Amino acid sequence: MQIKDLLCTNGIATTCASRMLAEYIPVYDATAVARLREHGAVLLGKGNMDEFGMGSSTENSAFFPTRNPWDTGRVPGGSSGGSAAAVSAGAAPFALGTDTGGSIRQPASFCGVTGLKPTYGRVSRYGLVAYASSLDQVGPIARDAADCALILQSIAGHDSRDATSLPDAVPDYSAALTGDISGLRLGVPSEYFAEGMDAGVRAAVTAAIDQLAALGAEIREVSLPTTQYALACYYIIAPSECSANLARYDGVKYGYSHQGDGDMWEAMERTRQHGFGPEVKRRIMLGAFALSSGYYDAYYHKAQQVRTLIRQDFAHVFEEVDALAAPVSPVVAFPIGERTDDPVRMYLVDVYTLPVNMAGLPAMSVPCGFSNGLPVGLQLIGPHLSEDRLLNIAHTYQQATEWHRERPGI
Amino acid sequence: MFCGCPADYQAAEPNTRTCPVCLGLPGALPVINRRAVEYTVLTGLALNCRIPEFTKFDRKNYPYPDLMKGYQISQYDLPLALDGFLEIDGDTQLGLGRRRIGVERVHLEEDVAKSYDDRGEGYSLVDVNRSGVPLMEVVSKPDMRSAEEARQYLTLLHSIVQYLGVSTGNMQDGNFRCDANVSIRPVGSQILGTRTEVKNMNSFRAVYQALEYEVVRQREVIEDGGAVVQETRGWIEEREVTVSQRSKEYAHDYRYFPEPDLPPLRIGPERVAELAAELPEFAPQRSARFQADLALSGYDADLLAGSRSMANYFETTLTLRDADAAEVANWMLGDLARLLNQDHREIDASPVTPQRLADLLALVADGTLSTSLAKTVLEEMYATGGEPADIVREQGLGQISDTGAIEAAVAEAIAANPKAVADYISGKDTAARFLMGQVMRLTKGQAQPELALRLVQEGLELQKTRGSLEP
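Residues numbered from 1 in each chain as written. Chains lettered and ligands numbered in written order. Predicted model: local features only at pLDDT ≥ 70, side-chain atom pairs only at ≥ 80, totals over all residues. Heavy atoms only, no water.

Caption draft 1: Just the overall build of chain B, in detail. Scanning chain B from terminus to terminus reveals 16 helices and 14 strands. In terms of overall size, chain B is more extended than a compact globule, its C-alpha atoms giving a radius of gyration of 31 Å where 471 residues would be expected to give roughly 23 Å. Counting only C-alpha atoms, chain B reaches 110 × 55 × 55 Å along its principal axes. Looking at chain B as a whole, 46% of its 471 residues are labelled buried. Within chain B, counting contacts between residues at least 6 apart in sequence, those at least 24 apart form 65% of the total. Roughly 23800 Å² of accessible area belongs to chain B as shown, and the carbon and sulfur atoms make up 51% of that amount. (Helix = DSSP H or I, 4+ residues; strand = E, 2+ residues; numbered from the N terminus. Rg over C-alpha atoms; globule rule 2.2 N^0.38 Å. Buried < 20%, exposed > 50% of the residue type's maximum accessible area, 1.4 Å probe, protein only. Contact = heavy atoms within 4.5 Å. Areas by Shrake-Rupley, 256 points an atom, 1.4 Å probe, with all protein chains shown as cover.)

Caption draft 2: Quick look at the side chain of B:Gln209. Residue and element names in this part refer to chain B. With respect to the element layout, Gln209 can be found in helix α4 (residues 204–223). Classification of Gln209 as buried rests on a relative accessible area of 18%. In terms of polar contacts, Gln209 uses its side chain to reach the side chain of Glu240, at 3.5 Å. (Polar contact = N/O pair within 3.5 Å; in protein donor to acceptor, adjacent residues only side chain to side chain.)

Caption draft 3: Here's a closer look at helix α7 (residues 298–305) of chain B. Residue and element names in this part refer to chain B. Residues Asp300, Ala301, Leu304 and Ala305 constitute the buried set of α7. Summarising the axial view, the buried residues of α7 lie within an arc of 120°, below the 170-degree limit, and thus occupy one face. Close packing links the buried residues of α7 with α3 (147–164), α6 (283–294), α8 (308–321) and α9 (325–343). (Arc of directions from axis to C-beta.)

Caption draft 4: A look at unusual backbone geometry. Residue A:Ser79 is reached from A:Gly78 by a cis peptide bond, and omega for that bond is 10°. Tracing the sequence through the fold places A:Ser79 in the loop between β2 (45–47) and α2 (81–88). Positive phi values are uncommon outside glycine, yet A:Cys16 reaches one of about 55°. Positionally, A:Cys16 belongs in the loop between β1 (2–4) and α1 (31–38). The exposure class assigned to A:Cys16 is buried, which follows from its relative accessible area of 0%. Although it is not a glycine, B:Glu240 sits at a positive phi angle of roughly 55°. Topologically, B:Glu240 is positioned in the loop between β11 (232–236) and β12 (241–244). According to the relative accessible area criterion, B:Glu240 is partly exposed, its value standing at 40%.

Caption draft 5: Region of the structure containing the UniProt feature "active site" (unreviewed entry) in chain A. All names here are of chain A. In the UniProt entry, the feature "active site" (unreviewed entry) is given for Lys4, Ser79 and Ser103. In summary, the annotated positions, though distributed over 100 residues, converge in three dimensions, the widest C-alpha pair being only 10.9 Å. By secondary structure assignment, the location of Lys4 is in strand β1. Once you skip the residues sitting within four places of it in the chain, Lys4 turns out to touch Lys46, Gly47, Met49, Ser79, Ser80, Ser83, Leu96, Gly97, Thr98 and Ser103. (UniProt positions renumbered as here; feature names shortened; annotations may be inferred.)

Caption draft 6: Fine view of the interface of chain B and chain A. With 29 residues of chain B in contact, the opposing surface of chain A contributes 37 residues. Interface of chain B and chain A: buried area, both sides summed, is about 2500 Å²; carbon and sulfur atoms make up 63% of it. On inspection of chain B and its partner chain A, the count reaches 1 salt bridge. Residue A:Arg125 pairs with B:Asp261 through a salt bridge whose shortest N-O separation is 2.8 Å. Counting the contacts that link chain B with chain A gives 14 residue pairs in polar contact (both at pLDDT 80 or more). Every element with two or more residues in the side of chain B that touches chain A is listed here: α1 (20–23), β2 (58–61) and β13 (257–258) of chain B. (Buried area = accessible area lost by both parts, 1.4 Å probe. Salt bridge = Lys/Arg side-chain N within 4 Å of Asp/Glu carboxyl O.)

Caption draft 7: Quick look at a nonpolar patch on the surface. A cluster of nonpolar side chains, A:Phe289, A:Tyr295 and A:Tyr299, forms an exposed patch at the surface whose accessible area comes to about 280 Å². The residue A:Phe289 is located in helix α8 (residues 278–291) in this model. (Patch = residues over 30% accessible without salt bridge, like charges linked within 9 Å, V, L, I, M, F, W, Y side chains within 5 Å.)

Caption draft 8: Representation of the packing of aromatic side chains in the model. Applying the stated criterion to the full structure yields 27 aromatic pairs over all chains. Measuring from centroid to centroid gives 4.8 Å for A:Tyr234 and A:Tyr235, while their planes differ by 80°, and the two rings are edge-to-face. The two residues A:Tyr234 and A:Tyr235 agree in class, both being buried. Put simply, the rings of A:Tyr24, A:Phe52, A:Tyr249, A:Tyr254 and A:Phe276 touch in pairs and so form one group of aromatic residues. Taking the ring centre of B:Tyr254 as reference, the NZ or CZ of B:Lys60 above it sits at 4.5 Å. Over the ring of B:Phe85 we find B:Arg100, and its NZ or CZ is 3.7 Å from the ring centre. (Phe/Tyr/Trp six-rings, centres within 6.5 Å; stacked < 30°, edge-to-face > 60°. Lys NZ or Arg CZ within 6 Å of the ring centre and 35° of its normal.)

Caption draft 9: Molecular detail of the sheet that holds strand β5 (residues 99–110) of chain B. Residue and element names in this part refer to chain B. Read from one edge to the other, the open sheet built from 3 strands follows the order β4-β5-β8, with strand pairing classed as antiparallel. Looking at the sheet topology across the chains shown, the edges are occupied by β4 (81–88) and β8 (134–140). Within this sheet the neighbouring strands show an average axis-to-axis angle of 35°, counted without direction. Bridge count for β5 against β8 is 7 bridges, and the pairing is antiparallel. Residue pairing for β8: Val103 is matched across the bridge by Ser140. With respect to the sheet, helix α2 (residues 34–46) is in contact with β4, β5 and β8, its orientation differing from that of β5 by roughly 175°. (Pairing = 2+ DSSP bridges. Axes fitted to C-alpha atoms, helices over the stretch in contact; angles between N-to-C directions.)

Caption draft 10: Highlighting the pairing of strand β5 (residues 137–142) of chain A. Residue and element names in this part refer to chain A. Counted residue by residue, β5 has 6 buried out of 6 residues, so it is predominantly covered. Side chains of β5 alternate between two faces, with Gln137, Gly139 and Ile141 and Val138, Pro140 and Ala142 buried alike. Pairing geometry for strand β4 (residues 114–117) and β5, over 2 bridges, is antiparallel. Counterpart to Gly115 in the pairing with β5 is Ile141.

Caption draft 11: Examining the sheet that holds β11(B) more closely. All names here are of chain B. Sheet architecture is open: 4 strands sit in the order β9-β10-β11-β12, paired in mixed fashion. Every other strand in the sheet has two partners, leaving β9 (178–182) and β12 as the edge strands with one partner each. For this sheet, the mean inter-axis angle between neighbouring strands, taken without regard to orientation, is 30°. Packed onto the sheet, α4 meets β9, β10 (196–201), β11 and β12 and runs at close to 145° relative to β10.

Below is the structure:
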């Protein structure tokens, strides 16, 4: 297995792709890692990523960008780019990634592999270096749904060290792969097929939905009106939580420490100035501002209230349908360097994945075709704790299609 | 508070009570300590607070090397307990009587690591043992009107948390800390003056002195035409002054937000009722009961009820022996207290158990021991942890009540002290007491005192009649 470098591995460097932790070696295993080890998984290496999970292309790694195996001039997606690329290139049979705003699903779709973000709390976050505590989740990236089911089985379940982990029993995911989705009510949210989407993406996702209909699913048009607010909501909540989560990196206890002249405060400032990359600094500043006196109500508090509306939106829709089908991203893998000058343009690639994290729901990315030779991912979204249902939909689709078996030419 | 590390930071070697959670290592997560929450609710109930159904933790963000995560997990707007009070006697010197001092809130948070600064070598050291230890904060309303009232409030609060077993209440160890806010205003004004916060007081006496000092200092500032600056001041014990700490800190925007790693807690009325049933009878009520039912003096009752362990020891001894309450009180507050104080021991650690004390008092009651001998036996019991009956037997300390044995000593005392005999015959009755003392000495203190005195008096009377019979 490959493990994204945001998860602690005992005795093995865990850098979070940051200069701040370039030489940091944890003294314990993350729970998800420990559980996989207990099941006999062998660690092949740690996966490159966007620094501290912040990014959508793995270009924010402090060390080097990872290249998409389908076109090495393009990004693999992010932030779990290294993990998706490794599985895509056959360097590892599966990987553990993390998803805060789409960081498993989006790189999985860009690299043509299968990824799953579980329900928030389904998998323990103990040992996952925190970015946005109320959004982060650990999940599998593998070649197909059946593999994802096996991995999820090993890592899911309550952990007494994570107060946000769910006590609910873990079902037998592999047994849920019946290959039968007849009668499944599949919603297609109109807001996820807006203008500006890549035509090839639209075509591939639409074809996939048709395929699911042919397999017995009943397709219904639905609406999620709060979709347009998810991006703004995310970019207040996540930076706010991250500004606190990254406050511990001050060069005093561990990690990068920039000494030199001046007093302790000056050393701390320099440590953070040089230890963090620009996107991380950007988000810390955004978050500190959003939480600051006089602004808390207008930004953070308001964003949390909007979040409740987003969650209610999904809950309402899931009274009508059993799952949703949509694109993962409006685009396919873009060239390295294309969006690095414009943060907001970079943020926009995640518009369809962010709402899912806001609502804490499970979702998958399933390879469903190509656009100009680059992989396209179909997103499946389910209600709370419906991983078994999503895996079965994906598995059924993968029994009838070959997209997930395609391999890059490298 | 949020991990499993032991909280014995005072005794432990530095940085030996740590784990990824209280070190704030990347990836570590907090988990709420249930008993700490229960202790806080119990304290809130003891302080007559309202326990809201929903409570949560919040992150208080500020950078400092002793704050491992760069934020402290505390409680901001939904604390565990709200709107309570304590009743104090009031500062009678100011004409203030018994009344309520409001308690604003009781909340729970984690302690920070301990810094060792200004060692003169150009660096500071951090001991992380204390990081993450639970801290319960009781915030009073500004209802106290003098240092004396502050002292009363603190003493009562101290007694309550000790009684609950929530804290040892030891200020020197840092288990009971006090920060005080104080302001002054012209007599009759309804508006509170600008307050200063005073820290670094390590005893109740220091709190009292610091507040008295600060009141005088503020008064001088105002009378000199100035204005009191709102600031934090540290109490300097050696110089008995407060000193401004303004330069050490700048105003922090703590950017509070709800702790996303910890779900909010619901403490329902059923649970609150269960906890309320755990509340013991506190010191003031227990003392009142001792006075009413056992006819103890207010002074003695307050002392005995002062700590839960003292009061329990007292009541246990009474039941074991159906004894006279005043007698038990005398022994506990006299000789036993003296022995414990010499060793700085709490009564829980007394080698003299309630059973043994009861047995000792039984030996006095049945005449086996005189009171003064019993004191000796008590000392031996304390030193060795032995049973009183065994000690009496081993040392042959049983009171001599055999008349014949004492008569021999009486005869010896009379023969050896002719002057005393002469004094008695010429009318000095006190000489009898002197001779009785001699008899006690001769019998190694074991003669029954009343019997010894009677036999001495008889012997002296005999001398008198003999003398008058001499030609």
